[in-house]
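Descriptive structure summary
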Amino acid sequence: MGYSQAIIALSVIAFLVLLPPLAWHSNTRNTPAIILIVWLLLMDLKAIVDASVWGGADFRDKWLGHGWCDIMTKLQVGANVGVSCAVANIAFNLLRILKANKEIPDNRSWKKIRVDLAISLVFPIIIMSVIYVVQVFRYGIFRYNGCQAMLSPTWLTTILYTLWMLVWSLIGFIYASLLLFVFYRKRQDVRDILHCTNSGLNISRFARLLVFCMLIILVMFPFSIYSFVSDLKHVNASYRHYSFSETHNSGI
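What this report covers is the structure whose coordinates are included nearby.

What counts, and where the lines are drawn
Residues numbered from 1 in each chain as written. Predicted model: local features only at pLDDT ≥ 70, side-chain atom pairs only at ≥ 80, totals over all residues. Heavy atoms only, no water. Helix = DSSP H or I, 4+ residues; strand = E, 2+ residues; numbered from the N terminus. Buried < 20%, exposed > 50% of the residue type's maximum accessible area, 1.4 Å probe, protein only. Contact = heavy atoms within 4.5 Å. Expected span 1.5 Å × (residues − 1). Bend = angle between axes of the 7 residues up to and from the residue. Phe/Tyr/Trp six-rings, centres within 6.5 Å; stacked < 30°, edge-to-face > 60°.

Focus on the overall build of the protein chain
Of regular secondary structure, the protein chain possesses eight helices and two strands. What you see in the protein chain, going N to C, is helices and strands ordered as α-α-α-α-β-β-α-α-α-α. Across the 252 residues in the protein chain, those meeting the buried criterion constitute 42%. The contacts of the protein chain with a sequence gap of at least 6 include a subset with a gap of at least 24, amounting to 78%.

Here's what the structure looks like:
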């Protein structure tokens, strides 16, 4: 099995594995979990298509990706931040349930849905909107990875994009750590708390959601630190000041 076939196979498996939890969370209207799974499904779909189309040695001669790449590069930029936003939101909600300091809003209430949408989607949408400012080309196409956003190696890219990957990953990490601490401290009472708060979760579903969040945090947090440090190195090495006219020079 070649590299592109391995990417396709693993992405297809990941895509299929995510469908049952999407159905269950859609039924319970767990908004941040739905948003998280949709981001992951979109990135799995992108990986499948990109590896299928641009996985060969002749990838330079393949489809130029107009339309598909314009959409998917923006979604990828949003997903890189949006996954961490959604995980932070899930961990925050689970922490509120375990603390049980006050009545927990129902997942189906519009107030709860609006708050979850604001936490999970506002930043990704803003970043997808402003990323054009530092976008050097429409997109680049690489073997195996397909469409990728091409951003200027300047301080503004770090501020508008990379910094927020780190910030939301850190927020998610903090909430997940607090959640683990409270879960361990109240481990004997978790079952009763879940029942009394009408959370719609039993102990096994709560544990699966907790493990799911922790696995994503363990991937996204180190990745965001690496991306942030790497961006800072590129900025320092290039000594480039941001210029809109240079970044969007039609002659390039």
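Regarding helix H1 (residues 3-28)
When the terminal C-alpha atoms of H1 are compared, their 38 Å separation across 26 residues agrees well with the 38 Å that a helix rising 1.5 Å per residue should span. The axis of H1 is deflected most strongly, by about 25°, at Leu-19, and proline Pro-20 appears within four residues downstream. Those residues of H1 lying buried are Ser-4, Ile-7, Ser-11, Leu-18, Leu-22, His-25 and Thr-28. Positive backbone phi, approximately 55°, marks Arg-29, located one or two places after H1.

Regarding the packing of aromatic side chains
One pass over the full model with this rule turns up six aromatic pairs. Both rings, one in Trp-54 and one in Trp-63, keep their centres 5.9 Å apart while their planes meet at 10°; by these two values the pair is stacked. The exposure class of Trp-54 is buried, given its relative accessible area of 0%. When its relative accessible area of 43% is taken as the criterion, Trp-63 is described as partly exposed. On the numbers, 5.4 Å between centres and 65° between planes, the contact of Phe-123 with Trp-168 is edge-to-face. Of this pair, Phe-123 sits in helix H4 (residues 110-130) while Trp-168 is found in helix H5 (residues 155-185), placing the two residues 45 residues apart along the sequence. Judged by relative accessible area, Phe-123 falls into the partly exposed class, the value being 26%.

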